[in-house]
Each structure stands twice: as structure tokens, then as C-alpha cells.
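Observations on the three-dimensional arrangement
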Amino acid sequence: MMKAAIYEEFNGPISVQDVPIPTISADGVLIQVQATGVCRSDWHGWKGHDDDVKKVGLPFCPGHEFSGLVVQCGKNVRRFQPGDKVALPFILSCGRCHHCDDDRPTVCAHQEQPGFTQWGSFAEYVAIPRADRN
């Protein structure tokens, strides 16, 4: 288990709760969060203004500006190993769509975003997919 800041309703209280540590995919890493920012985008998610957060559903853990330590790697990860210090981009791109092929990963057609399309960094750990790319 890990601690995470969770809200269970939009514009409602945020509480620190014990939740399961996320699992990683074969191409992913588990990052122990060492620093995270608080952004107005997090506020918009909490207020219910963001469609991605609505789609993921509540309860939800925000946070998208973070750095930390790789603590676990999936079997297909080649560029990282436990103990590596990392900072994450806001957009986790796919590497396969036409935008990524055109070297435009920030408009990736299949992007993921911690704190919006998946639980974020107001937690002790975050699972990141496609680690070698992101």
C-alpha cells in the first residue's frame, strides 16, 4: 500500500488515503515520487472541468509535474533501471501515430497524462507506460 491524496467528488475534500501501489506494464516503470508540483491544471481537474479526469472517474489522484526514482522496470524496458533519477513530460506519447512520426509528440493521438488520463503524482508511486519513450 501507499499514501495518495485523493478526491472522491469534484470540488470536494482531498484526503490522504492508503491505496494499492500501481502495477506496471511490460514497457513501463514504477516511479517513487520525490517531488511534485501543484498546477492550476490540477485545480481544473479537481473542479470537474477536465473531460479526461471525468472519463477516468472518481475517486482520483491528481498531479502531473513530478520527478522521482525508478524503483521497478517492466521486462521490455531497456533505457532505465532501478535507481535512475527521472523527470516526466506532461504528455506521454505513443511513438506510433502520425504526430509522433512527424516529431510532434506533444500532440500525440494516443497520449496519456499522469494526473488526467491516469492517476497522478500526489502519491508515493506512479506507474508510467512506454518508459523508453517517455
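Use the structure listed above.
Residues numbered from 1 in each chain as written. Predicted model: local features only at pLDDT ≥ 70, side-chain atom pairs only at ≥ 80, totals over all residues. Heavy atoms only, no water.

**Observations concerning the overall build of the protein**
A count of helices and strands for the protein gives three helices and six strands. Shown N-terminal to C-terminal, the secondary structure of the protein runs as helices and strands in the order β-β-β-α-α-β-β-α-β. Evaluated residue by residue, the protein yields a buried proportion of 41% over its 134 residues. Of the contacts made within the protein by residues no fewer than 6 positions apart, 66% connect residues no fewer than 24 positions apart. Each charge class in the protein can be summarised by its mean position, and for the 13 positive and 16 negative side chains these summaries are 3 Å apart. (Helix = DSSP H or I, 4+ residues; strand = E, 2+ residues; numbered from the N terminus. Buried < 20%, exposed > 50% of the residue type's maximum accessible area, 1.4 Å probe, protein only. Contact = heavy atoms within 4.5 Å. Lys, Arg positive; Asp, Glu negative; His and termini not counted. Charge placed at Lys NZ, Arg CZ, Asp CG, Glu CD.)

**With respect to the environment of alanine 26**
Counting through the fold element by element, alanine 26 comes out in the loop between strand S2 (14-19) and strand S3 (29-36). Judged by its relative accessible area of 29%, alanine 26 is partly exposed. Setting aside residues up to four positions removed in sequence, alanine 26 forms contacts with Gly74, Lys75, Asn76 and Val77.

**Considering the packing of aromatic side chains**
Under the definition given, this model contains three aromatic pairs. Aromatic side chains tyrosine 7 and phenylalanine 10 sit 6.2 Å apart centroid to centroid with 50 degrees between the ring planes, which places their arrangement in the tilted category. Looking at tyrosine 7, the relative accessible area reads 0%, which means it is buried. Taking the centre distance of 5.8 Å and the plane angle of 85 degrees together, the rings of phenylalanine 90 and phenylalanine 116 count as edge-to-face. Taken together, the residues phenylalanine 90 in the loop between strand S5 (85-87) and helix H3 (98-101) and phenylalanine 116 in the loop between H3 and strand S6 (125-128) connect sequence positions 26 residues apart. (Phe/Tyr/Trp six-rings, centres within 6.5 Å; stacked < 30°, edge-to-face > 60°.)

**Structural notes on the environment of proline 20**
Among the structural elements, proline 20 can be located in the loop between S2 and S3. Proline 20 sits 18 residues away from methionine 2 along the chain, and the two C-alpha atoms are 6.1 Å apart. Excluding its chain neighbours within four sequence positions, the residues that come into contact with proline 20 are Met1 and Met2.

**Overview of the side chain of arginine 130**
With respect to the helices and strands, the residue arginine 130 is situated in the segment after S6. On the basis of relative accessibility, which here comes to 13%, the residue arginine 130 falls in the buried class. If we skip the residues at most four places from it in the chain, arginine 130 touches Asp27, Gly28, Leu92, Ser93, Cys94, Arg96, His110 and Glu112.

**Description of the environment of aspartate 84**
Considering the arrangement of structural elements, one finds aspartate 84 in the loop between strand S4 (66-73) and S5. Along the primary structure aspartate 84 and arginine 130 are separated by 46 residues, whereas in three dimensions their C-alpha atoms are 16 Å apart. Residues in contact with aspartate 84, not counting those within four places in the same chain, are Gly68, Leu69, Val70 and Arg79. In terms of polar contacts, aspartate 84 uses its side chain to reach the backbone amide nitrogen of glutamine 81, at 3.0 Å. (Polar contact = N/O pair within 3.5 Å; in protein donor to acceptor, adjacent residues only side chain to side chain.)

**Brief notes about the sheet that holds S4**
Across the sheet, four strands lie side by side as S5-S4-S3-S6; this open sheet has antiparallel pairing. Two strands bound the open sheet, and with one partner strand each, they are S5 and S6. Averaged over all pairs of adjacent strands, the angle between their axes in this sheet comes to 40 degrees, without regard to strand direction. Examined bridge by bridge, S3 and S4 share seven bridges and lie antiparallel to one another. Bridge pairing in S4 places threonine 36 opposite phenylalanine 66. (Pairing = 2+ DSSP bridges. Axes fitted to C-alpha atoms, helices over the stretch in contact; angles between N-to-C directions.)

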